Number of protein chains: 2
Amino acid sequence: MAALRRRNPPVPGAPDEFALIAELFAPLSASYPGALSLTDDAALMDVPSGRQLVLTMDSMVAGVHFFADDPPDLIARKLIRVNLSDLAAKGAQPFAIMLSAAFPHATDGVWLRRFAQGLAEDCRTFAIALIGGDTVATPGPLTLTLTAFGQVPQGRALLRSGAVAGDQIWLSGSLGDSALGLVARQGGLPHLSTSCRDHLIARYLLPEPRVTIGPGLIGLAHAGMDVSDGLIQDVGHMARQSGLAAEIRVDLLPLSPPAQTTLAADNSCLATILGGGDDYEVLFTAPQSEAGAIQRLAAHTGIALTVIGTMGAGQGVRVVDRDGNAVAVAHKGWRHFTDAGEEQWSG
Amino acid sequence: MAALRRRNPPVPGAPDEFALIAELFAPLSASYPGALSLTDDAALMDVPSGRQLVLTMDSMVAGVHFFADDPPDLIARKLIRVNLSDLAAKGAQPFAIMLSAAFPHATDGVWLRRFAQGLAEDCRTFAIALIGGDTVATPGPLTLTLTAFGQVPQGRALLRSGAVAGDQIWLSGSLGDSALGLVARQGGLPHLSTSCRDHLIARYLLPEPRVTIGPGLIGLAHAGMDVSDGLIQDVGHMARQSGLAAEIRVDLLPLSPPAQTTLAADNSCLATILGGGDDYEVLFTAPQSEAGAIQRLAAHTGIALTVIGTMGAGQGVRVVDRDGNAVAVAHKGWRHFTDAGEEQWSG
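Chains are numbered independently. Their residues run from 1 in the order of the written sequence. Here the convention is simple: chains get letters from A, ligands get numbers from 1, in the order in which they are written. In view of the model being predicted, local features appear only for residues whose pLDDT reaches at least 70, and side-chain atom pairs are presented and counted only at 80 or more, with totals across whole chains, interfaces and linings using the full set of residues. Side-chain metrics rest on all non-hydrogen atoms present in the structure, leaving aside hydrogens and water.

## Notes on the overall build of chain A
- In this text, helices come from DSSP runs of H or I with a minimum length of four residues, and strands from runs of E with a minimum of two, each type numbered from the N-terminal end. Each helix and strand in chain A was counted, giving 10 helices and 11 strands.
- The 347 residues of chain A split such that 64% are buried.
- Of the contacts made within chain A by residues no fewer than 6 positions apart, 84% connect residues no fewer than 24 positions apart.
- To measure how exposed things are, a 1.4 Å probe is used in the Shrake-Rupley method; for residues, cover is taken only from the protein chains shown. When the accessible surface of chain A is summed, it comes to about 11800 Å², and 53% of that surface belongs to carbon and sulfur atoms. Remark: exposure states derive from per-residue accessible area (1.4 Å probe, protein chains only) relative to the maximum for the residue type, with buried under 20%, exposed over 50%, and partly exposed in between. By the convention used here, residues are in contact when the closest approach between their heavy atoms is within 4.5 Å.

## Describing the pairing of strand S2 (residues 51–61) of chain A
- Of all 11 residues that make up S2 of chain A, 10 are buried, and the element is covered over most of its length.
- For two strands to be treated as a pair, DSSP must find no fewer than two bridges joining them. Pairing between S2 of chain A and strand S5 (residues 143–153) of chain A: 11 bridges, direction antiparallel. Residue methionine 60 of chain A lies in a different strand from S5 of chain A, and its bridge partner there is leucine 144 of chain A.
- Alignment of S2 of chain A against strand S1 (residues 43–45) of chain B, held across 3 bridges, turns out to be antiparallel. Within S1 of chain B, the residue paired with leucine 55 of chain A across the bridge is alanine 43 of chain B.

## Description of the pairing of S5 of chain A
Residues and elements named next belong to chain A.
- Counting buried residues along S5, 10 of its 11 residues qualify, which places the element largely inside the surrounding structure.
- Relative to S5, strand S3 (residues 93–104) is paired through 9 bridges, and the arrangement is antiparallel. Residue pairing in the sheet places glutamine 93 in a bridge with glutamine 151 of S5.

## Structural notes on the packing of aromatic side chains
Residues and elements named next belong to chain A.
- Classification of ring pairs uses Phe, Tyr and Trp, with its six-membered ring standing for Trp, and accepts pairs whose centres are within 6.5 Å; under 30 degrees between planes counts as stacked, over 60 as edge-to-face, and the remaining range as tilted. Applying the stated rule across the entire model yields 15 aromatic pairs over all chains.
- Summarising the aromatic geometry, the rings of phenylalanine 25 and phenylalanine 115 are spaced 6.5 Å apart at their centres and angled 45° between planes, so their arrangement reads as tilted. Of this pair, phenylalanine 25 sits in helix H1 (residues 18–25) while phenylalanine 115 sits in helix H3 (residues 109–126), placing them 90 residues apart in sequence. Phenylalanine 115 carries the same exposure label as phenylalanine 25, and that label is buried.
- When the centroid spacing of 5.2 Å and the interplanar angle of 15° are considered together, the rings of tryptophan 111 and phenylalanine 115 count as stacked. Note that tryptophan 111 and phenylalanine 115 are positioned in helix H3 at a spacing of 4 residues, about one turn of the helix.
- With a relative accessible area of 0%, phenylalanine 115 lands in the buried category.
- Ring-pair connections join several aromatic residues into one group, and the members of that group are Phe25, Phe103, Trp111 and Phe115.
- Charge-over-ring placement is defined geometrically: NZ (Lys) or CZ (Arg) within 6 Å of the ring centre, and within 35 degrees of the ring normal. Cation over ring: lysine 78 sits above tyrosine 204, and NZ or CZ is 3.9 Å from the ring centre.

## Thoughts on the nonpolar core
- Counting residues in hydrophobic clusters, the biggest one holds 120 residues, and the most contacted among them are Met45 and Ile131 of chain A together with Met45 and Ile131 of chain B.
- Those residues within four positions of methionine 45 of chain B in sequence are excluded, and the remaining contacts are Gln52, Leu53 and Leu55 of chain A together with Tyr32, Leu53, Phe95, Ala96, Ile131 and Phe149 of chain B.
- To form a nonpolar core, buried Ala, Val, Leu, Ile, Met, Phe, Trp, Tyr and Cys residues must be joined to one another through side-chain atoms within 4.5 Å. Counting 43 residues, the second-largest nonpolar core is a separate cluster that includes Ala163, Ile201, Ala239 and Leu270 of chain A.

## Re the sheet that holds strand S1 (residues 43–45) of chain A
- The sheet built from 5 strands is open, its strands ordered S1(A)-S2(B)-S5(B)-S3(B)-S4(B) with mixed pairing. Strands with a single pairing partner mark the edges of an open sheet, and in this sheet they are S1 of chain A together with strand S4 (129–138) of chain B. Going from strand to strand, the sheet's axes swing by 20° on average, the running direction of each strand aside.
- Docked against the sheet, helix H3 (residues 109–126) of chain B engages strand S3 (93–104), S4 and strand S5 (143–153) of chain B, running at close to 170° with respect to S3 of chain B. Simply put, an axis is a line fit to the C-alpha atoms, just over the touching stretch for a helix, and the angle between two N-to-C directions goes from 0 to 180 degrees.

## Remarks on the pattern of salt bridges
- Put simply, a salt bridge is a Lys or Arg side-chain nitrogen that is within 4 Å of an Asp or Glu carboxyl oxygen. What the rule picks out here adds up to 32 salt bridges over all chains.
- As a salt-bridge pair, aspartate 41 of chain B and arginine 160 of chain A come within 2.8 Å of each other at their nearest N and O atoms. One end of the pair, aspartate 41 of chain B, is in the loop between helix H1 (18–25) and S1; the other, arginine 160 of chain A, is in the loop between S5 and strand S6 (168–172), on a second chain. The two residues aspartate 41 of chain B and arginine 160 of chain A agree in class, both being buried.
- Linking aspartate 70 of chain B and arginine 185 of chain B is a salt bridge whose minimum nitrogen-to-oxygen distance equals 2.3 Å. Here arginine 185 of chain B lies in helix H4 (residues 177–185) and aspartate 70 of chain B lies in the loop between strand S2 (51–61) and helix H2 (72–89), a separation of 115 residues in the sequence.
- A residue is classified by how much of its surface remains accessible, and arginine 185 of chain B, at 27% relative accessible area, is partly exposed.
- In the salt-bridge network here, residues are joined through shared partners; they are Arg77, Arg81, Glu121, Asp122 and Glu208 of chain A.

## Remarks on the environment of arginine 81 of chain A
All names here are of chain A.
- Mapped onto the fold, arginine 81 is located in helix H2 (residues 72–89).
- Here the alpha-carbon distance between arginine 81 and glutamate 208, two residues 127 residues apart in the chain, equals 6.7 Å.
- Apart from the residues lying within four places of it in its own chain, the contact partners of arginine 81 are Asp122, Phe126, Leu206, Pro207, Glu208 and Pro209.

## Regarding the confidence of the model for chain A
Residue and element names in this part refer to chain A.
- By definition, pLDDT measures how confident the predictor is in each residue, and it falls between 0 and 100. Counting all residues, the mean pLDDT for chain A is 89, and 90% of those residues have values of 70 or more.
- Every residue in residues 1–15 is under pLDDT 50, and counting partners more than four places away or in other chains gives 68 contacts.
- Between residues 332–347, whose pLDDT stays under 50, and residues either more than four places distant or in other chains, the model counts 53 contacts.

## Re the sheet that holds S1 of chain B
- With mixed pairing, the 5 strands of this open sheet are ordered in space as S4(A)-S3(A)-S5(A)-S2(A)-S1(B). Since the sheet does not close on itself, it has two edges, and those belong to strand S4 (129–138) of chain A together with S1 of chain B, each with one partner. Averaged over all pairs of adjacent strands, the angle between their axes in this sheet comes to 20°, without regard to strand direction.
- Against the sheet, H2 of chain A makes contact with S2, S3 and S5 of chain A, and its axis sits at roughly 140° relative to S2 of chain A, the strand it touches most.
- Against the sheet, H3 of chain A makes contact with S3, S4 and S5 of chain A, and its axis sits at roughly 170° relative to S3 of chain A, the strand it touches most.

## So, helix H10 (residues 291–301) of chain B
All names here are of chain B.
- Among the residues making up H10, those that are buried are Ala291, Ala293, Ile294, Leu297 and Ala298. Angularly, the buried residues of H10 cover 165° about the axis, an arc narrow enough to put them on a single face. Exposed residues pointing more than 90 degrees away from the buried face of H10 are listed as Arg296, Ala299 and His300.
- As for H10, its buried residues are in contact with strand S6 (168–172), helix H6 (214–217), strand S9 (281–286) and strand S10 (305–312).
- Positioned one or two residues after H10, glycine 302 has a phi angle of 75°, which is positive. In this description, the arc belongs to the directions extending from the helix axis to the C-beta atoms.

## Some words on the packing of H2 of chain A against H3 of chain A
Residues and elements named next belong to chain A.
- Here H2 crosses H3 at 35°, and the two axes come no closer than 6 Å. In the packing of H2 onto H3, the handedness of the crossing is right-handed. Along its contact with H2, which presents Pro72, Asp73, Ile75, Ala76, Arg77, Ile80, Arg81 and Leu84, the element H3 presents Trp111, Arg114, Phe115, Gly118, Leu119, Glu121, Asp122 and Phe126. In this scheme the crossing of two helices becomes right-handed for a clockwise turn of the near helix relative to the far one and left-handed for an anticlockwise turn of less than a right angle.

## Some details on helix H4 (residues 177–185) of chain A
All names here are of chain A.
- Taken residue by residue, H4 has Asp177, Ser178, Ala179, Leu180, Gly181 and Ala184 as its buried positions.
- Of the surrounding secondary structure, the elements contacted by the buried residues of H4 are helix H5 (194–205), helix H8 (257–265) and helix H9 (269–275).
- Glycine 187 sits one or two positions beyond H4 and adopts a positive phi of about 100°.

## Concerning the packing of helix H5 (residues 194–205) of chain B against helix H8 (residues 257–265) of chain B
All names here are of chain B.
- Interaxial distance between H5 and H8 falls to 9 Å at its minimum, and their mutual angle equals 115°. Here H5 is positioned roughly perpendicular relative to H8, judged by the angle of their axes. Judged by the twist between their axes, the crossing of H5 over H8 is left-handed. Contacts between H5 and H8 involve Cys196, His199 and Leu200 from the first element and Pro258, Ala259 and Thr262 from the second. The cut-offs work like this: below 35 degrees is roughly parallel, past 145 is roughly antiparallel, 65 to 115 is roughly perpendicular, and the gaps in between are oblique.

In structure tokens, the structure reads:
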């Protein structure tokens, strides 16, 4: 067909679903003329004067980033949201996506329709268009890659490197729900009520990219990124890129009621909350003088924004209690730091 | 690390190669400030006034689009070239790529270094920068996705839909080498000399995107696309998108000496040449009045440009001999048409 096209020899006996894909995906391009209705090899994009593109690209693999039997519409929506979260954290307004999907041979029309329904729903929710991509068959697991396009006023994007000593460190929403949801999804946290488990699992399956927060932070925040690899690791990235040290106050972390319940029952869950990842919240720093404006943004959007620490001279990340004493956090469940071996978590 | 970042839990016992990836890939971003040295979650892109972005995205899966034991540097370079071919056929000048790679757990440092060397070599060759992407681990086959960025003068891109009745149909380079190279790579064509086989296999492993042809066609050509799915299928796409019929003269097809030799020995190879795909040549149409300018472009670039047929009223693709008689071509080796079932090859 096209930008989303077939480049595979047919598999004898396999259902030929690629025509169906064209039929299902083309409507998602309708609002964007440069998508050429997904009938060409490429898409065209105009960028208004004074605006700068912000680009991100994330892949998800079945069995690694999601379960192969997760609902197809939620897989599609998570894929979109993971990418939009990156754009939001840069202060960018999303407007387009490109999708490349490697579908296992056994993928059937029912699954594809539900997947496309999920894409369509979030294209509507976030006012974005599918402007191109590729579909191929794979003998391996479902592998999805999205490139997402946003815009910021020229030169105003929030970077990891922009934090200034003395900045307050802020976090949107609540922390750890998704990582705990993954534990619950795998049969853990049996003591939790069904409604608490459902809340956490829903947060794991369907992140909420903070698209209304990001653009509102331009002019207020110095630095921004999303929390996807775990708070401590991501704060570490920001501190390192800004040439600073970060101190995180564990007592200030915004936790949902289910996360609070979980932590109260088992203090070792703190490691999962701090390091589990997949939060897709916006982590940003701002001077104390903007705290009032930031709280007004929170009130306006209905999304909690919470000060969780401060940036200062030095390096590394230190997790402390309200009295400034270092908090020992078990490394269980954490991801190993790999960034050129430079970064150490010093909590 | 970043735009190219890790979002996988470590695999116990697996070598942790992600730090190496950061080390190997970051230098490829050096020429593009908006890549932020691959240390952020996103890349920034400015588009000059009067220019339009052209975007394409293609995936390649080991065992489907290449052999898992192909040389890693050639896999990387083919990935880049397949995408640049799409841009070239739109008349676009490439300048940046984003890469998402799902690496099998067994991927080792030696392989990664050779893969990165291939990326680096073609980034230099084509003056493009790696500006972001993602790296993940997969339990499945190596799966690579590239998003490539080019620019054209605003509104001047060559589309599939631009052909006009009476246009000559042109093809760059030579046809069928790659498809025959795949046959040779799999042990076929035993009668060919070693040098002929090597030529064909090299064309399969390493396409030549016609980046010097594409931008030169703006103002001369009416429509353009690259030949990746097989000439007849791709001509069919262009004819359908332009609302026209195409007639291809089989005696005019530009064939390399090894392809000529192969065809002379076995006439059934015509189906492979016409339908095998992976040619990555530019297919374009232009009014006869521009034939002289197009020949000068060929002379200037050193790349053959050949008239292979004409566009006219009607629909479908007809393959004829020099006397206008329909040529029967066996469908062996062809890909099944799937585009909404509308398109029929009528050769």
